[in-house]
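These are the residues of each chain, in order.
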Amino acid sequence: KTVGESAHGCCPHRFSLLWLRKHTLRGHRLLVWYCCARVFRVIRQYLEMDRPFDHTKPFVQEATVTEALEAPALTQPADAVLLEEDAEESRNDTQSLSQQPEQVACGYCDVVTMANISFSLLETLATAAVHHTAGSFLSATSAAEALKLEFVEYLQAGNGGTLDTLKHRLQEFEQSKKGLFRKLGLGKSEDSIKSRVEEVRRELANSRDTWPEAQREDLARKLMRQYDDASIAHCPLKFTSVDELAAHKLECGFRPLSCPNHGCATFFSANAYEDHDAVCAYKPLDCTLACGMTILRMEMATHVQDECLHRPAACPYQSLGCVVQLRCKDLGEHMQQCAFMHLALVWSETQKRTDEIRAQTDSIASKIGAGRDSLSDQISALKAQLAATAGMAAAVQKEMLEMKAEVKKLQSITHTQTSNIDDKVAFKDWKSVCSEMNALRNDLKNTRIQVEQLKKMKQELE
């Protein structure tokens, strides 16, 4: 299009402003200043001539951009000449600025750190929302939507430092939303608060409108560049050309990579590849026993213990004396080649066991014979003891019968003496009563002694 052509059907000076706004790149600043000078010069000419301003005519007709730059200056007053000089100075300044190359940052960050910060952002927002809505009827999810802008502005207002500073900022924002009861440790228990925070965090993570994951990761990258002054988790390099930037991004230590092992969905930065590769469960490895198979790291222990043909195997006749070191695949061949040796081992072991059994049998037989003799002697002694015990029992029984008779006799005597004592008491013969009482007491004492003896003898017999 020509300089003065209007594509929007508006007046030429409005189109010039639109055109000026559209072409503000450094490479077109010279043309922009020239057009501005032409516009002001034409306006001034119309004002000095006291002629009405015609909005339908273009400022420059039938002239391309190149022709406009090469067009000769029109007759103009002194003020217009000064304006042209100012435009020339501005043109020189623009050329000097355009010669300074613009630096472009790499922009790569550590993938794991970025994911952790993204998760911490969501968790902190959920915790702050739960604290903010404690004791009210508001929903924590809706409160999180209202707090998100304040939360982001609070984090971006930080002065940098380290990633620990960012962590402290997150904790400070979380603490600032606690009410008086929460600060004093009152209200719900910590377990119930944690469960509620986890519930709100899941709702926010599943919501596509509140805080999508892409926005959180973009904010995490900005915060890493803001707080990581030591460039521990992001690349601080800047480049002046696109080719240098592209070449650097192919070799940057913070470039994101996905694990090349089939089945592993882990993402990490390039500088963490070796650490991940050393522990990746899906990495195929050569068998540690050199069987020639390639096994995943997570299946290596099972393979070596139960499946590998090179795993150590014990000969079934090892307990009989076969000490050959074998691998599982060589066990069948060993059994065929060493069959006669195994048979000899079995024969020698059988003979050894037979001799041991025979010796044990003889020992048991001798012990049984000696035990039989001792048992017969013990039986004879027991019979003699039983006979003696039977005689003693008969004698004791006889004595018991005699003692029973004596007891009955003493009872009759005691009855007679008691009646005599009663008669004497009636006649008040106290001396004879006392003597007879003493005699009766002695008889009773003797009777008790005899009864005790009978009891002891009965216990011995039992």
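Everything that follows concerns the structure shown earlier in this document.
All figures in this text were calculated on a predicted structure; none of them were measured in a lab.

**Q** Account for the overall build of the protein, with residues named and values stated.
**A** Across its full length, the protein carries 16 helices and 8 strands. Counting only residues that meet the buried cut, the protein has 26% of its 462 residues in that class. For the protein, the share of sequence-separated contacts (at least 6 apart) that also reach a separation of at least 24 residues comes to 53%. Accessible area of the protein: about 31700 Å², with a carbon and sulfur share of 56%.

**Q** Tell me about helix α10 (residues 213–227), and please be specific about residues and values.
**A** Over its 15 residues, α10 extends 21 Å from the first C-alpha to the last, a length consistent with the 21 Å expected when each residue adds 1.5 Å. When α10 is considered as a whole, its buried residues turn out to be R216, L219, A220, L223, M224 and Y227. Across the axial projection of α10, the buried residues extend over an arc of 145 degrees, all falling on one side. In the core, the buried residues of α10 are packed alongside α5 (111–132), α6 (140–156) and α7 (163–176).

**Q** I'd love a proper account of the packing of α5 against α6, names of residues and values included.
**A** At a minimum axis distance of 9 Å, the contact between α5 and α6 shows a crossing angle of 120 degrees. Taken together, the axis directions place α5 and α6 in an arrangement best described as oblique. As α5 runs across α6, the sense of the crossing is right-handed. The segment α5 lies against α6, with L121, T124, L125, A128, A129, V130 and H132 engaging A140, A143, A144, L147, K148, F151 and L155. For the contact of α5 with α6, the per-class residue count stands at 11 nonpolar, 2 polar and 1 charged.

**Q** Talk me through the nonpolar core; I want residue IDs and the actual numbers.
**A** Counting 31 residues, the largest nonpolar core has L121, L125, F151, L155, L204, W211 and L223 as its most contacted members. Elements supplying a minimum of two residues to this core: α5, α6, α7, α9 (190–206) and α10. Once you skip the residues sitting within four places of it in the chain, L223 turns out to touch L121, L155, Q156, L166 and D228. Counting 5 residues, the second-largest nonpolar core is a separate cluster that includes C264, F268, A272 and C280.

**Q** Which residues make up the state of the cysteines, and what values go with them?
**A** One pass over the structure, following the stated rule, counts 0 disulfides. With no disulfide of its own, C252 lies closest to C235 among cysteine sulfurs, the gap being 3.8 Å. Free cysteine: C328, not disulfide-bonded; nearest cysteine sulfur from C308 at 8.4 Å.

**Q** Summarise the packing of α6 against α10; cite the residues concerned and give the values.
**A** The interhelical angle for the contact between α6 and α10, taken along N-to-C directions, is 20 degrees, at an axis separation of 10 Å. By the angle class used here, α6 and α10 are roughly parallel. Facing K148, V152, L155 and Q156 of α6, the residues of α10 in contact are Q215, L219, L223, Q226 and Y227. Each residue belonging to the contact of α6 with α10 can be placed in one class, and the counts come to 5 nonpolar, 3 polar and 1 charged.

**Q** Outline the side chain of R201, listing residues and values.
**A** Of note, R201 is situated in helix α9. Residue classification places R201 among the buried residues on the basis of a relative accessible area of 14%. If we skip the residues at most four places from it in the chain, R201 touches F119, L122, E123 and A126.

**Q** Describe the side chain of T124, and please don't skip the residues or the numbers.
**A** If you trace the backbone, T124 turns up in helix α5. The contacts of T124, once residues within four sequence positions are left out, are F151, L170 and E174.

**Q** Outline the environment of A220, supporting the account with residue identities and numerical values.
**A** Structurally, A220 is set in helix α10. For the pair A220 and T113, spaced 107 residues apart in the sequence, the C-alpha separation amounts to 8.8 Å. With near-sequence residues (within four places) excluded, A220 lies in contact with M114, I117, S118 and L121.

**Q** So what about the pattern of salt bridges? Which residues, and what values?
**A** Going through the model one piece at a time under the given rule, you end up with 9 salt bridges. Here E150 makes a salt bridge to K177, at a shortest N to O gap of 2.9 Å. Linking E150 in helix α6 with K177 in the loop between α7 and α8 (180–183), this pair joins segments that are 27 residues apart in sequence. We classify K177 as buried; its relative accessible area is 15%. We note a salt bridge from E198 to R201, for which the minimum N-O separation is 2.7 Å. In this pair, E198 and R201 both sit in helix α9, 3 residues apart, roughly one turn of the helix.

**Q** So, the packing of aromatic side chains: which residues are in play, and what are the values?
**A** This model, assessed by the stated rule, comprises 4 aromatic pairs. An angle of 40 degrees between the planes, with centres 6.0 Å apart, marks the rings of F268 and Y273 as tilted. Cation over ring: K249 sits above Y108, and NZ or CZ is 5.3 Å from the ring centre.

**Q** Describe in detail unusual backbone geometry, supporting the description with residues and values.
**A** Positioned with a positive phi, S231 is a non-glycine residue whose angle comes to about 55 degrees. As for its position among the elements, S231 is in the loop between α10 and β2 (238–239). We classify S231 as partly exposed; its relative accessible area is 22%. Its identity as a non-glycine residue notwithstanding, A290 has a phi of 60 degrees, on the positive side. In this structure, A290 sits in the loop between β5 (284–286) and β6 (294–296). On the accessibility criterion, A290 (57% relative accessible area) is exposed.

Conventions we followed
- Residues numbered from 1 in each chain as written.
- Predicted model: local features only at pLDDT ≥ 70, side-chain atom pairs only at ≥ 80, totals over all residues.
- Heavy atoms only, no water.
- Helix = DSSP H or I, 4+ residues; strand = E, 2+ residues; numbered from the N terminus.
- Buried < 20%, exposed > 50% of the residue type's maximum accessible area, 1.4 Å probe, protein only.
- Contact = heavy atoms within 4.5 Å.
- Areas by Shrake-Rupley, 256 points an atom, 1.4 Å probe, with all protein chains shown as cover.
- Expected span 1.5 Å × (residues − 1).
- Arc of directions from axis to C-beta.
- Axes fitted to C-alpha atoms, helices over the stretch in contact; angles between N-to-C directions.
- Parallel < 35°, antiparallel > 145°, perpendicular 65-115°, else oblique.
- Left-handed = near helix turned anticlockwise from the far one by under 90°.
- Nonpolar A, V, L, I, M, F, W, Y, C, P; charged D, E, K, R; others polar.
- Core = buried A, V, L, I, M, F, W, Y, C linked by side-chain atoms within 4.5 Å.
- Disulfide = S-S within 2.5 Å.
- Salt bridge = Lys/Arg side-chain N within 4 Å of Asp/Glu carboxyl O.
- Phe/Tyr/Trp six-rings, centres within 6.5 Å; stacked < 30°, edge-to-face > 60°.
- Lys NZ or Arg CZ within 6 Å of the ring centre and 35° of its normal.

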